[in-house]
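Observations on chain architecture
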Amino acid sequence: MNSITRSDSFLQGVKDASPLLMAIAPYAIILGAQASRSGLTLPETGFMTALNFAGGSEFAAIQLWHEPLPVLTIILLTFLINSRHIIMGAALTPYIKHLPRRQILPALFFMADEGWAVTYAKMLKNAATLPPEQSFTMAYYLGASFPFYPVWVGFSVTGFLAGPVLGNIEQYGFAIAFPATFIVLLRSMWKGLDAAIPWLISLTVAAVCYRLVPGHTYVLAGTFSGIFSAWVRGVKVK
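Residues numbered from 1 in each chain as written. Predicted model: local features only at pLDDT ≥ 70, side-chain atom pairs only at ≥ 80, totals over all residues. Heavy atoms only, no water.

On to the overall build of the protein chain. Counting its secondary structure elements, the protein chain contains 13 helices and zero strands. The helix and strand sequence of the protein chain, counted from the amino end, reads α-α-α-α-α-α-α-α-α-α-α-α-α. Per-residue burial over the protein chain gives 41% buried out of 238 residues. Here the analysis covers contacts within the protein chain between residues at least 6 apart in sequence; of these, 80% occur between residues at least 24 apart. On the protein chain, roughly 13,500 Å² of surface is accessible, and the fraction owed to carbon and sulfur atoms is 71%. (Helix = DSSP H or I, 4+ residues; strand = E, 2+ residues; numbered from the N terminus. Buried < 20%, exposed > 50% of the residue type's maximum accessible area, 1.4 Å probe, protein only. Contact = heavy atoms within 4.5 Å. Areas by Shrake-Rupley, 256 points an atom, 1.4 Å probe, with all protein chains shown as cover.)

So, in structure tokens, the structure goes:
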């Protein structure tokens, strides 16, 4: 019975995440095409997407890919951009802290933005009727998260191969897929304007920082301003 339940939960996760896969594919193609123009080889592109599995930092790394290779800068920038995963993981903690680490740590490798958002929205829905430890199932999380991995890696490689043939691939409008995806994700977690105030503060701070401060510090600025505003609001409620 448990195996059937886990199977059903996994398939439900795949079903809930599948619409977003169509948005990730064109964005991965753009990454691969840019990698081919930046001097990366096909194996390097494949290993980068497979081992890092974080699109934002990969796009940033490609922009810095030149001789001599600024290794330290790329490492620091990757950490800065991927630091949002710290917050994403912390948001899951109340729901997964009862699970053994041997299950959690390998599974967290597949925690990309889209799979996390699908899982988190499901947990919030379940939390209305279930305790936190029952709101999360590893099978659903893997179903919602893992499919993005082969799509991201596979279409990045496809973009690398197709890039020289298609030329400036951005002209086809594939880049709109990324912001469109996050609009859909935010809509799935929408609880009203009052609850969205930390989102708006985060967006405003990130936008201002993006315009005024060189580099990618806007990622941390937007993240922590949103967290701080949510904490201040929580203290006032208490």
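Taking the numbering used here, the UniProt-annotated feature "transmembrane region" (unreviewed entry) corresponds to residues 17-35, 141-165, 172-190 and 196-213. The distance separating the terminal C-alpha atoms of residues 17-35 is 27 Å; by composition the span is 100% helix and 0% strand. This span, residues 196-213, is 89% helix and 0% strand, and a straight line between its end C-alpha atoms measures 25 Å. (UniProt positions renumbered as here; feature names shortened; annotations may be inferred.)

On inspection of all chains with the given rule, the structure shows 10 aromatic pairs. Each ring, one from Phe109 and one from Tyr149, has its centre 5.8 Å from the other, and the planes form 65°; the classification is edge-to-face. Separated by 40 residues along the polypeptide, Phe109 in the loop between helix H6 (101-108) and helix H7 (113-127) and Tyr149 in helix H10 (residues 148-166) bring together distant segments of the chain. Judged by relative accessible area, which is 19%, Tyr149 ranks as buried. Summarising the aromatic geometry, the rings of Phe136 and Tyr141 are spaced 5.8 Å apart at their centres and angled 40° between planes, so their arrangement reads as tilted. Among the aromatic residues, those joined into a cluster by ring pairs are Phe53, Phe109, Phe110, Phe146 and Tyr149. (Phe/Tyr/Trp six-rings, centres within 6.5 Å; stacked < 30°, edge-to-face > 60°.)

Here we come to the nonpolar core. Membership of the largest hydrophobic core comes to 27 residues, with the highest contact counts inside it found for Phe53, Phe59, Val118, Phe148, Tyr149 and Trp152. Broken down by secondary-structure element, the contributors of at least two residues to this core are helix H1 (2-38), helix H2 (42-52), helix H3 (55-63), helix H9 (138-145) and H10. By residue number, the principal contributor to this core is H1, which donates 10 residues. Not counting residues up to four positions away in its chain, the partners in contact with Trp152 are Ile24, Tyr27, Ala28, Leu31, Thr49, Phe53, Gly55, Glu58 and Phe59. Formed by 15 residues, the second largest nonpolar core is a distinct cluster that contains Met88, Ala107, Met123 and Met138. (Core = buried A, V, L, I, M, F, W, Y, C linked by side-chain atoms within 4.5 Å.)

Turning to its location among the elements, Ser38 is positioned in helix H1. Of the residues examined, Ser38 reaches a relative accessible area of 23% and is grouped as partly exposed. Ignoring any residue separated from it by four or fewer positions in sequence, one finds Ser38 in contact with Ile62 and Trp65.

What follows covers the packing of H2 against H3. One way to put it is that H2 packs onto H3 with a least axis distance of 10 Å and a crossing angle of 145°. The way H2 lies across H3 gives a crossing that is right-handed. Between H2 and H3, the residues in contact are Met48, Thr49 and Asn52 and Ser57, Glu58 and Ile62, respectively. Among the residues forming the contact of H2 with H3, the class breakdown is two nonpolar, three polar and one charged. (Axes fitted to C-alpha atoms, helices over the stretch in contact; angles between N-to-C directions. Left-handed = near helix turned anticlockwise from the far one by under 90°. Nonpolar A, V, L, I, M, F, W, Y, C, P; charged D, E, K, R; others polar.)

With that settled, the discussion passes to the environment of His85. Checked against the element boundaries, His85 lands in helix H5 (residues 84-96). On the basis of relative accessibility, which here comes to 17%, the residue His85 falls in the buried class. With 28 residues separating them along the chain, His85 and Asp113 place their C-alpha atoms 8.2 Å apart.

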